Amino acid sequence: MTVATYETITLSKATQHEGITILTLNRPESMNALNTKMAIELIEALHELKYEESLSVLVLTGEGTKSFCAGADLKERNGMSHKDWKRQHDYFEEVTTSIRSFPFPVIAAVNGYALGGGLEIALSCDLRTVAAHMQAGLPEAKLGLIPGIGGTQMLSRLLPIGLAKEVLYTGRKITAQEALQWGMVNGVYPAESLMEETLKLAESIASNAPLSLKALKKAINHGSETDLATGLALELEAYYKCADSEDRLEGIRAFNEKREPVWQGK
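The rules behind each value
- Residues numbered from 1 in each chain as written.
- Predicted model: local features only at pLDDT ≥ 70, side-chain atom pairs only at ≥ 80, totals over all residues.
- Heavy atoms only, no water.
- Helix = DSSP H or I, 4+ residues; strand = E, 2+ residues; numbered from the N terminus.
- Rg over C-alpha atoms; globule rule 2.2 N^0.38 Å.
- Buried < 20%, exposed > 50% of the residue type's maximum accessible area, 1.4 Å probe, protein only.
- Contact = heavy atoms within 4.5 Å.
- Areas by Shrake-Rupley, 256 points an atom, 1.4 Å probe, with all protein chains shown as cover.
- Lys, Arg positive; Asp, Glu negative; His and termini not counted.
- Charge placed at Lys NZ, Arg CZ, Asp CG, Glu CD.
- Phe/Tyr/Trp six-rings, centres within 6.5 Å; stacked < 30°, edge-to-face > 60°.
- Lys NZ or Arg CZ within 6 Å of the ring centre and 35° of its normal.
- Core = buried A, V, L, I, M, F, W, Y, C linked by side-chain atoms within 4.5 Å.
- 1 Å grid on protein atoms, 1.4 Å probe; cavity = no way out; pocket = protein on both sides within 12 Å on 5 of 7 lines; lining within 4 Å.
- Points joined across faces, edges and corners; volume = space filled by probe spheres on them.
- Nonpolar A, V, L, I, M, F, W, Y, C, P; charged D, E, K, R; others polar.
- Salt bridge = Lys/Arg side-chain N within 4 Å of Asp/Glu carboxyl O.
- Axes fitted to C-alpha atoms, helices over the stretch in contact; angles between N-to-C directions.
- Left-handed = near helix turned anticlockwise from the far one by under 90°.
- Pairing = 2+ DSSP bridges.

### Focus on the overall build of the protein
Broken down by element type, the protein carries eleven helices and ten strands. Scaling as 2.2 N^0.38, a compact globule of 266 residues should have a C-alpha radius of gyration of about 18 Å, and the protein matches this with 19 Å. Dimensions of the protein, computed from the C-alpha atoms along their principal axes, are close to 60 × 45 × 40 Å. For the protein, the proportion of its 266 residues judged to be buried stands at 45%. Considering only residue pairs separated by 6 or more positions, the protein has 67% of its internal contacts joining residues 24 or more positions apart. A total of about 13,700 Å² of accessible surface is found on the protein, and carbon and sulfur atoms cover 55% of it. Charged side chains of the protein number 27 positive and 34 negative; the gap between the two group centres comes to 4 Å.

### Structural notes on the packing of aromatic side chains
Aromatic rings in a pair are described by how distant their centres are and how their planes are angled relative to each other. Here the structure, examined in full by the defined rule, presents one aromatic pair. Judged by centre distance (5.1 Å) and plane angle (80°), the ring pair of Y239 and Y240 falls under edge-to-face. The class of Y240 is partly exposed, set by a relative accessible area of 47%. A cation sits over an aromatic face here: R77 above W85, 4.3 Å from the ring centre.

### Looking at the nonpolar core
Counting residues in each nonpolar core, the largest one holds 62 residues, and the members touching the most others are L23, L60, F68, L155 and M184. The dominant element in this core, judged by the number of residues it contributes, is helix α1 (residues 36-49), at seven residues. Apart from residues lying up to four places away in sequence, L23 is in contact with I9, T10, L11, L42, A45, L46, L49, L58, V59, L60 and T61.

### Some thoughts on the layout of surface pockets
Counted as a void, the largest pocket has a volume near 1,100 Å³. As for the largest pocket, its lining consists of 34 residues, of which D126, K217, K218, I220 and N221 are closest to the centre. Elements that contribute at least two residues to the lining of the largest pocket include exactly α4 (117-124), β7 (127-131), α5 (151-158), α9 (210-223) and α10 (228-243). Of all the elements, α9 adds the most residues to the lining of the largest pocket, at eleven residues. Of the residues belonging to the lining of the largest pocket, the class tally is 18 nonpolar, six polar and ten charged. In terms of lining residues, the second largest pocket is bounded by 28 residues, among which G71, A72, L74, R77 and L143 are the most central.

### A few points about the pattern of salt bridges
Applying the stated criterion across every chain yields a total of 13 salt bridges. A salt bridge links R27 to D73, with the shortest nitrogen-to-oxygen separation between them at 3.1 Å. Of this pair, R27 sits in the loop between β2 (20-25) and α1 while D73 sits in the loop between β4 (67-69) and α2 (74-77), and the two are 46 residues apart along the sequence. Salt-bridge contacts for K200 lead to E196; the nearest nitrogen and oxygen are separated by 3.9 Å. In this pair, K200 and E196 are both assigned in helix α8 (residues 194-206), four residues apart and thus about one turn of the helix distant. The partly exposed category is assigned to E196, whose relative accessible area is 45%. Through salt bridges with shared partners, one network takes in E7, K37 and E41.

### Re the packing of α5 against helix α6 (residues 161-170)
It is the contact of α5 with α6, at a shortest axis distance of 7 Å, that shows an interaxial angle of 145°. Crossing hand, α5 versus α6: right-handed. Here T152, L155 and S156 of α5 lie close against α6, whose contacting residues are I161, A164, V167 and L168. Of the residues in the contact of α5 with α6, the class split is five nonpolar, two polar and no charged.

### Some points on the pairing of β2
Counted residue by residue, β2 has six buried out of six residues, so it is predominantly covered. A two-sided burial pattern is seen for β2, the buried positions comprising I20, I22 and T24 on one face and T21, L23 and L25 on the other. Pairing geometry for strand β1 (residues 9-13) and β2, over five bridges, is antiparallel. Across the sheet, residue T10 finds its bridge partner in β2, namely T24. Where β2 lies against strand β3 (residues 57-62), six bridges are found, and the strand directions are parallel. Bridged to I20 within β3 is V57.

### Quick look at the sheet that holds β7
Taken in spatial order, the six strands make up an open sheet running β1-β2-β3-β5-β7-β10, and their pairing is mixed. Across the chains shown, the open sheet's two edge strands, defined by having one partner strand only, are β1 and β10 (187-189). Direction aside, the axes of adjacent strands within the sheet are offset by 20° on average. The sheet contacts of α1 involve β1, β2 and β3, and relative to β2 the element is tilted by about 175°.

And the structure:
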C-alpha cells in the first residue's frame, strides 16, 4: 500500500479483500467540496495507486453522511484572478480525467450530496452506489456556467438525451430513486449500509483476474467511443493479451481443481 500523508483525502485498505482500496474525500466541514489542495492530492494519489500491484478495485467516497462532494469550493474561488481560476480548473479537469483513465474499476459510494463537480467525479467512476438520501445535480446554469469537467458528456452518455438535457437545463436535483430508475446508479442503500454493500460489490469484482479487469475497462471505454468494427477489434486485441497470460492458465487449473484461483497479474 502506498504510504502517504494527505490533508484533504484519506486512503485505506478494505479488510474484506486486499485488492480493494478506499479513497475518502475528507473535508466534511466544507461538505467535502473540491478545492485546489484536494484536487492536487487526488491527482497525486490516483497516479500512485495506478502502480499499486495488489490493487484491483478503487472505492471513492466522502467523509460523513451528509455529502459525497458538494462541488467546487466557492469560498476559495471568491476573488480569484482569471489566471488562478484557470490554473485551478486545469487541476479539476485532471482529477476527472485521472478517474476515467484509471486502469482498474472505480466505484463511487455516494454518501450524500453530489453537486456540480462532485457529481462529475461520481459520473467519471465506472459504477455508482448511493445512499437513499442522496441528492445529485449539475446546477451550473444557475451560476452562469456549464459543467466543465465532464458533466455534459458523461451524463448524456449515461442517460437518454432528453433526460440529460432536462437535468442540465433546469439544474434541478436528482433523487436516489430517480437515479436508480434512470440507470445512473447500480444500487440504492440505507446510509448505514452503503459502504458495506459497496464493498460487497467491490469484492465480487476484485475476486476476478486483474488483467481481465484492466482489459475489460479498456475495451469498454475505448470501444464505446468508436464504431462497432473498431470496438470489436479493440476487444479482440484485449482478448488475446488475456489469453496469452499466466493468469488464464491459472484460471483453468483452478476451475479443474475446484479451488479459488491465485492471480499473479501477469
